[in-house]
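Structural description and commentary
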Amino acid sequence: MTERIYAAGLLLHGPADRAALADGAVRVAGATITDVGPRDEVIARAAPGTEVTHFPDGTLLPGLIDAHVHLAFDDHSDDPVGALRASGAPALALNAAGAARRLLDGGVTTVRDLGDRDGVGVALRDSVRDGVLPGPRILAAGAPVTVRGGHCWFLGGEATGADGVREVVRANLAAGADLIKVMATGGTLTPGGPAPAEPQFTVAELTVAVREAHAAGARVAAHVHGVAGVEVALAAGVDTLEHCSFISADGPAAGPEHRPDVIDRIAEAGTFVCPTYSGSLDRAAASIGIDRLRPWLDVVLRQHERGVRLIAGTDAGIPGAGFDEYAVGLSWFVRAGLPAPTVVEMATSRAAEALGLADVTGTLAPGRDADLLVVTGDPRQDVAVLGAPGLVVARGREHLPGSARTAPASGIRSTV
Ligand SMILES: [Zn+2]
């Protein structure tokens, strides 16, 4: 099997608290990391003739993880829901393939697709895994479980009562879903559906979803906005809370609800929270101003300060959230007040843990998949440098991002 070594002036192998190595290297055999350490030592342990690509001014780190995307949605459309509803499965699949390629260009080597139609995510997951198409590793949820006419009902996951929930969960798992997505509250994408502050399911109904999923070894991601929905999802034992915006019954204009007690319960439960930060925050800041955005940023900062395990994800695909702005979302966590090294961890090792992939990706260690990227500069000082990777390696496959396609991979090639 061909072995290669990637070396860089700085190696961040993660997680953040025991993370950095000056002049480090990673040896890769096929799709797997076989050695990590100081460059000289990794080279000394390699077989003669092993190719070395050295980035003296670069930082080598684990591939990024976007824990919340919708590959089937067209982020260029002003009306992605209308576009999706008007599209057949082949068009959705092609859109998803393009989205996957753009995510990979941005250094994202793993995504969790939290809602699509017609099994698009599952099919693309397999194509990427088999090397047919370029893209990140995909964990696909299939059609989110929702109530009749509820949030994103048009994706096909409508369920009535506990029996209905069980049926949709089983159908998704039988169709190859890696995890289950439940719409625990209403949302903004669905006109006429329940409001974002309103729960859609009872604790008993969501508990059925969690039990069915966990019995099959699958995790459960819950879309939640309002506090009542957070409480239902926590009581049911879901694995991740998506958005978790603390929106009040009076709507967004009233600002988020101040509920430190609920934040403490999320922290105690150890449930991961994915606040879905993306380039859409740039647009929001431009339209309503940073002062009105500040309370929403503070809700996230407060969760971090109280020990909630936050992870990075963008909701890419929905209006305003593009597939190539992952690093912009990371910058907003820093603007909210989180330390940059924590944000790097939220994008790598901690997200891998939340997705059940801690032994697979998110850190650089022997036995892990070879998911890595090279950037210029230290993301622990400035997370924005993650937005322009010079080289991305996904499960051992080298990918030159669009921005670097006309330039050489800036590394210096040699052999041991
Ligand atoms: Zn979403």
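Our structure's up above, just so we're on the same page.
Only a predicted model underlies this, so the values are computations on that prediction, with no experimental measurement involved.

1. Considering the pairing of strand β2 (residues 20–29)
Bridging between strand β1 (residues 3–12) and β2 involves nine bridges; their strand directions are antiparallel. Counterpart to Ile5 in the pairing with β2 is Arg27. If you look at the hairpin formed by β2 and strand β3 (residues 32–38), you'll find two residues sitting between the two strands, and Gly30 has a positive phi there, around 60°.

2. Quick notes on the packing of helix α5 (residues 161–174) against helix α6 (residues 203–215)
Between α5 and α6, the least distance of the axes is 8 Å, while the angle of their chain directions is 30°. Classified by the interaxial angle, the pair formed by α5 and α6 is roughly parallel. Here the hand of the crossing between α5 and α6 comes out right-handed. Facing α5, whose interface residues are Gly161, Ala162, Val165, Arg166, Val169, Arg170 and Leu173, α6 presents Glu205, Val208, Ala209, Glu212 and Ala213. For the contact of α5 with α6, the per-class residue count stands at seven nonpolar, one polar and four charged.

3. Description of the nonpolar core
Residues Leu71, Val145, Leu241, Ile266, Leu330, Phe333 and Leu338 are the most contacted members of the largest nonpolar core, which totals 94 residues. Counting contributing residues, this core receives three or more from each of domain 1 (3–63 + 363–415) and domain 2 (64–354).

4. Looking at the sheet that holds strand β7 (residues 137–140)
Ordered in space as β5-β6-β7, the three strands form an open sheet in which the pairing is parallel. The open sheet has two free edges, formed respectively by β5 (64–69) and β7, since each of these has just one partner strand. Adjacent strand axes in the sheet meet at a mean angle of 15°, parallel and antiparallel pairs treated alike. Summarising the sheet, strand β6 (residues 108–113) and β7 pair through four bridges and their orientation is parallel. Residue pairing in the sheet places Thr110 in a bridge with Arg137 of β7.

5. Let's talk about the layout of surface pockets
In this structure, the largest pocket spans a volume of roughly 1,100 Å³. Around the largest pocket, the lining is made up of 35 residues, and of these Thr188, His225, Ser245, Ser280 and Leu281 lie nearest the centre. Elements that contribute at least two residues to the lining of the largest pocket include exactly β8 (179–183), β9 (219–226), β10 (240–247), α9 (280–288) and α10 (290–305).

Definitions and limits used
- Residues numbered from 1 in each chain as written.
- Predicted model: local features only at pLDDT ≥ 70, side-chain atom pairs only at ≥ 80, totals over all residues.
- Heavy atoms only, no water.
- Pairing = 2+ DSSP bridges.
- Helix = DSSP H or I, 4+ residues; strand = E, 2+ residues; numbered from the N terminus.
- Axes fitted to C-alpha atoms, helices over the stretch in contact; angles between N-to-C directions.
- Parallel < 35°, antiparallel > 145°, perpendicular 65-115°, else oblique.
- Left-handed = near helix turned anticlockwise from the far one by under 90°.
- Contact = heavy atoms within 4.5 Å.
- Nonpolar A, V, L, I, M, F, W, Y, C, P; charged D, E, K, R; others polar.
- Core = buried A, V, L, I, M, F, W, Y, C linked by side-chain atoms within 4.5 Å.
- Buried < 20%, exposed > 50% of the residue type's maximum accessible area, 1.4 Å probe, protein only.
- Domains from an automatic or database assignment.
- 1 Å grid on protein atoms, 1.4 Å probe; cavity = no way out; pocket = protein on both sides within 12 Å on 5 of 7 lines; lining within 4 Å.
- Points joined across faces, edges and corners; volume = space filled by probe spheres on them.

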